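Breakdown of the fold
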Amino acid sequence: MVPRWVEGNVPKSKKVLDFGSGPPARHTMSLREKGYTDVTAHEFGDNVQEGVHDPKALSKEYDVVFASNVLNVQSSEAMLKRTLKQIRDSVKKGGLAVFNYPASPRKAGLKVASVAGAIAEVFPGEVERVSQGSEAPMWTAKWS
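In this report, the structure presented in the accompanying data block is examined.

Criteria and thresholds
Residues numbered from 1 in each chain as written. Predicted model: local features only at pLDDT ≥ 70, side-chain atom pairs only at ≥ 80, totals over all residues. Heavy atoms only, no water. Helix = DSSP H or I, 4+ residues; strand = E, 2+ residues; numbered from the N terminus. Rg over C-alpha atoms; globule rule 2.2 N^0.38 Å. Buried < 20%, exposed > 50% of the residue type's maximum accessible area, 1.4 Å probe, protein only. Contact = heavy atoms within 4.5 Å. Areas by Shrake-Rupley, 256 points an atom, 1.4 Å probe, with all protein chains shown as cover. Pairing = 2+ DSSP bridges. Axes fitted to C-alpha atoms, helices over the stretch in contact; angles between N-to-C directions. Polar contact = N/O pair within 3.5 Å; in protein donor to acceptor, adjacent residues only side chain to side chain.

**Regarding the overall build of the protein**
Looking only at helices and strands, the protein features four helices and six strands. Written out in order from the N terminus, the α and β elements of the protein read α-β-α-β-β-α-β-α-β-β. A globule of 144 residues ought to have a C-alpha radius of gyration of about 15 Å, and the protein, at 14 Å, matches this closely. Across the 144 residues of the protein, 44% fall into the buried class. Counted over contacts in the protein with a minimum sequence separation of 6, partners at least 24 positions apart contribute 67%. When the accessible surface of the protein is split by element, carbon and sulfur atoms take 48% of a total near 7,200 Å².

Okay, here's the thing in structure tokens:
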């Protein structure tokens, strides 16, 4: 859902980070195949694959940072906020973060309202829920 939103809303020339891309970085590779010229894959721990993920990805800034199926696997609200801050710190001023909160699994068991509150706290200002009426919501947050 998140990568499709990126495809439909982000120009191919923008600098994009796939935050928590997974070992094969499928969404990164798909966006590159579709003509996105600057997409970086980032992953953590044992999931990092040499030649696939950029180990210095979080030291750079991007026009758009997307995190598909990332917020739901954080094990606590504190970890969720740390992750959101890492995402925010990777977004250029005026840039955009895009994330979802799938219904399953939800490791911390947080309610949608709690996740929305954490996003609003970390990204004060323009936060928009772009999938209404869903148990698996998606948001965009502008970093200004």
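**As for the sheet that holds strand S4 (residues 91-100)**
Ordered in space as S2-S1-S3-S4-S6-S5, the six strands form an open sheet in which the pairing is mixed. In this open sheet, the two strands that pair with only one neighbour each are strand S2 (38-42) and strand S5 (127-129). Between one strand and the next, the sheet's axes are offset by a mean angle of 15°, whatever the strand orientation. Relative to S2, strand S1 (residues 15-19) is paired through five bridges, and the arrangement is parallel.

**So, the side chain of Asn100**
Its location among the elements puts Asn100 in strand S4. Polar contacts involving the side chain of Asn100 include one to the main-chain amide nitrogen of Asn69, which spans 2.8 Å. Beyond its immediate stretch of four places on either side in the chain, Asn100 contacts Val2, Ala67, Ser68, Asn69, Leu71, Pro137, Met138 and Trp139.

**Here's the deal with unusual backbone geometry**
Ser104 connects to Pro105 through a cis peptide bond whose omega is -10°. Along the polypeptide, Pro105 turns up in the loop between S4 and helix H4 (112-122). A positive phi angle, near 50°, is found at Ala25, a position not held by glycine. Structurally, Ala25 can be placed in the loop between S1 and helix H2 (26-33). Assessed through its relative accessible area of 0%, Ala25 is described here as buried. Despite not being glycine, Asn69 has its phi angle at roughly 60°, a positive value. Note on Asn69: relative accessible area 44%, which makes it partly exposed.

What is shown is where atoms sit, not what they do.
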